[in-house]
Amino acid sequence: MPVDMQAVQKGRALLGQSRHKAKNIPAMPWAEVPAFYQSLTELTSCHLALRLLILTGTRSAPVRFLTLDQIDGDVWTVPGEKMKGREGRTEDFAVPLSAEALAVIEAAKPMARGGLLFPGKSGKPMSDMTMSKHMKDRGLDARPHGFRTSLREWADHVGARFEVAETMLAHKVDGAVTRAYRRTDYLEERRALLDRWAQFVTAADSGESVSGANVLAFG
């Protein structure tokens, strides 16, 4: 009888999602994300930060503390100290950037202050409540962190490989010894998956993307 060598990791991933729900961080159903994404039409730090957060599946801290020197071509390297989460991750993490994500970054550059791409009004990093307040003020139950769940559930829906989907969210997959032998962060597979996600949330045929030829949301 075949044995699923990743059964433990898959079980932990599911338990992890349950813990998120227990902490009352509601997620927007993935099918509703495109409409919300396309409603973020203002050239403000809040709207653009929410767009990048949705597109990359990162937590809010890496987005709020994003500096231009972290971007190299179409890869964003998040410093390890901004990756600390439930998994205790401390190493740098490479995030592949879709064409839409790069367009969001370009749109935000004129507002950059002190190297920060998404500064608050004081010039310091955006408050961790800014994006949440925007969603609350719109009468939404979902919160920014929940977009990670939206992305993860969409990835399952489109049949993404478990290892790629989990690594995309910077979740540790397999034990330390297995990771040492595997020596891959699935960067190119994550790139393809996030490109597909960007196409989904922008509904490219409607012209609502930042990077599309017919840009409606940004004039």
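Residues numbered from 1 in each chain as written. Predicted model: local features only at pLDDT ≥ 70, side-chain atom pairs only at ≥ 80, totals over all residues. Heavy atoms only, no water.

Chemist: Sorry, what's going on with the packing of aromatic side chains here?
Modeler: The description of an aromatic ring pair rests on the distance of the ring centres and on the angle between the ring planes. Tallied over the entire structure, the rule returns five aromatic pairs. Both rings, one in W30 and one in F200, keep their centres 5.7 Å apart while their planes meet at 55 degrees; by these two values the pair is tilted. Of the two residues, W30 sits in the loop between α1 (7–22) and α2 (33–39) while F200 sits in helix α10 (residues 187–202), which places them 170 residues apart along the sequence. Taking the relative accessible area as the measure of exposure, W30 reaches 22% and is therefore partly exposed. (Phe/Tyr/Trp six-rings, centres within 6.5 Å; stacked < 30°, edge-to-face > 60°. Helix = DSSP H or I, 4+ residues; strand = E, 2+ residues; numbered from the N terminus. Buried < 20%, exposed > 50% of the residue type's maximum accessible area, 1.4 Å probe, protein only.)

Chemist: How should I be thinking about the pairing of strand β2 (residues 75–78) in this particular structure?
Modeler: On any regular strand, side chains alternate: one points to one face of the sheet, the next to the other face. Relative to β2, strand β1 (residues 71–72) is paired through two bridges, and the arrangement is antiparallel. Residue D72 lies in a different strand from β2, and its bridge partner there is V75. From the end of β1 to the start of β2, which pair antiparallel, there are two residues, and G73 there has a positive phi angle of about 65 degrees. Pairing analysis gives four bridges linking β2 to strand β3 (residues 93–96), with the strands arranged antiparallel. Looking at the pairing, V75 lines up with P96 of β3. (Pairing = 2+ DSSP bridges.)

Chemist: Just to check I follow, could you spell out α10 for this structure?
Modeler: Since the α-helix packs 3.6 residues into each turn, any two residues three or four apart lie on the same face. Here α10 is 16 residues long and its end C-alpha atoms lie 22 Å apart, about the 22 Å a rise of 1.5 Å per residue gives. Buried residues of α10: R190, R191, L193, L194, W197, A198, V201 and T202, and no others. Once α10 finishes, A203 follows within two positions and takes phi at roughly 45 degrees, a positive value. (Expected span 1.5 Å × (residues − 1).)

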